[in-house]
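Residue-level listing of the chains:
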Amino acid sequence: MEFTFQNFLMTVGPTASLIFASWAFLIFVQMRSSSAYGDYRNLHHEHRTSGSESHRETGVRPVVLHKRRCQQIGGAIQAGVLAALLFTVTLFCGALEVMVSGSQGLKYIGSISTLLGLVLLVGAAGLVVSESVLARRAIAGETRVEREHREHRRAA
């Protein structure tokens, strides 16, 4: 096949869209990460500085839960970055294959990097869903802890 710029653009266009979508996903995950880390840092500080023994006992679980959220989001970010890098490899392989047609190695490398990138992106999305479940648990736990504190203050 002869090299034409139209073939080049038709080859790299869809892959560029995948890379753009990966980076948009990473921006979304980074926002969740910032929020989760801020919550974790605040809860950890509150737990360490709390004078009440009952508050210290009930405060451990939310801290651990938020730490786990941060770890899952961190894993999602790492998987998303790797996916974007693999899609970039796909883009380069596709572009080079159009320019220097007939290279079997580029076809295989590009295909494998695409599949691995998609698997990593699905895995990252799974981690975000799992983190979302933890976030709902954290919210439900916070309301329960707040209710227990109100009842404890009324009894005192």
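Scroll up for the structure.
About the cut-offs
- Sequence positions are assigned chain by chain, starting from 1 and proceeding in written order.
- Totals for whole chains, interfaces and linings use all residues, but because this is a predicted model, local features are given only for residues with pLDDT of at least 70 and pairs of side-chain atoms are given and counted only at 80 or more.
- Here the side-chain values reflect all heavy atoms present in the structure, with hydrogen atoms and water set aside.
- Strands are runs of DSSP state E lasting at least two residues, helices are runs of H or I lasting at least four, and both sets are numbered from the N terminus onward.
- We call two residues contacting when some pair of their heavy atoms lies within 4.5 Å.
- Surface exposure here means Shrake-Rupley accessible area, sampled with a 1.4 Å probe, where a residue is shielded only by the protein chains that are shown.
- Aromatic rings from Phe, Tyr and Trp, taking only the six-membered ring of Trp, are treated as a pair when their centres fall within 6.5 Å; an angle between ring planes under 30 degrees marks them as stacked, one over 60 as edge-to-face, and anything in between as tilted.
- Accessible area is worked out with a 1.4 Å probe on protein chains only. A residue is then buried under 20% of its type maximum, exposed over 50%, and partly exposed in between.
- Only buried residues count toward a nonpolar core. Its members are Ala, Val, Leu, Ile, Met, Phe, Trp, Tyr and Cys residues joined through side-chain atoms within 4.5 Å.
- Whenever a carboxyl oxygen of Asp or Glu lies within 4 Å of a side-chain nitrogen of Lys or Arg, that contact is scored as a salt bridge.
- By this rule the span expected of a helix is its residue count minus one, scaled by 1.5 Å.
- A residue's bend is the angle separating two fitted axes: one through the seven residues that end there, the other through the seven that start there.
- Patches in this entry comprise residues that are over 30% relatively accessible and not in a salt bridge; like charges within 9 Å are linked, as are nonpolar side chains (Val, Leu, Ile, Met, Phe, Trp, Tyr) within 5 Å.

Novice: Explain the overall build of the chain residue by residue, including any values.
Specialist: Check the secondary structure of the chain and you find three helices and zero strands. Tracing the chain from N to C terminus, the helices and strands come up as α-α-α. A sequence separation of at least 24 residues applies to 81% of the contacts in the chain between residues at least 6 apart. Accessible surface for the chain amounts to roughly 9,900 Å². Of this, 65% is attributable to carbon and sulfur atoms.

Novice: Just give me the short version of the packing of aromatic side chains, but keep the residues and values in it.
Specialist: Tallied over the entire structure, the rule returns one aromatic pair. Ring centres of Tyr37 and Tyr40 lie 6.4 Å apart, and the angle between their planes is 45°; this geometry places the pair in the tilted category. Here Tyr37 pairs with Tyr40, and both are found in helix 1 (residues 5–49), just three residues apart, close to one helical turn. By relative accessible area, Tyr37 is classed as partly exposed at 44%. Relative accessible area serves as the criterion here: at 18%, Tyr40 is assigned to the buried category.

Novice: I'd love a proper account of the nonpolar core, names of residues and values included.
Specialist: By size, the foremost hydrophobic cluster in this structure holds 12 residues: Ile19, Phe25, Val29, Ile73, Ala76, Ile77, Ala79, Ala83, Phe87, Leu121, Ala124 and Val128. Secondary structure elements with two or more residues in this core: helix 1, helix 2 (53–99) and helix 3 (104–155). With six residues, the top contributor of residues to this core is helix 2. When residues no more than four places from it in sequence are discounted, the contact partners of Ile73 are Val29, Arg32, Ser33 and Glu131.

Novice: Go over the pattern of salt bridges with me, naming the residues and quoting the values.
Specialist: Counted according to the given criterion, the structure contains three salt bridges. Among the ionic contacts, a cluster of salt bridges with common partners joins Arg32, Asp39, Arg69 and Glu131.

Novice: Before we move on, can you summarise helix 1 with the specific residues and values?
Specialist: With 45 residues, helix 1 extends 64 Å between its outermost C-alpha atoms, agreeing within 8% with the 66 Å of an ideal straight helix rising 1.5 Å per residue. In the structure, helix 1 departs most strongly from a straight axis at Gly13, where the bend amounts to approximately 30° and where the proline Pro14 lies between one and four residues downstream.

Novice: I'd like a description of a nonpolar patch on the surface, backed by residues and values.
Specialist: On the surface, a nonpolar cluster with roughly 370 Å² of combined accessible area is contributed by Phe3, Leu96, Met99 and Val100. Within the element layout of this structure, Val100 appears in the loop between helix 2 and helix 3.

Novice: Could you give an account of the environment of Ala95, with specific residues and numbers?
Specialist: Structurally, Ala95 is set in helix 2. Residue Ala95 is classed as buried on the basis of its relative accessible area of 11%. Distance in space between the C-alpha atoms of Ala95 and Val12 is 6.2 Å, their sequence separation being 83 residues. If sequence neighbours within four positions are ignored, Ala95 has contacts with Phe8, Thr11 and Val12.

Novice: Account for the environment of Val89, with residues named and values stated.
Specialist: With respect to the element layout, Val89 can be found in helix 2. Judged by relative accessible area, Val89 falls into the partly exposed class, the value being 32%. Each C-alpha atom, one on Val89 and one on Ile112, is 9.8 Å from the other, the two residues being 23 residues apart in sequence. Sequence-distant contacts of Val89, that is, excluding residues within four places in its chain, are made with Ile109 and Ser113.

By themselves, these are just geometric observations and shouldn't be taken as functional.
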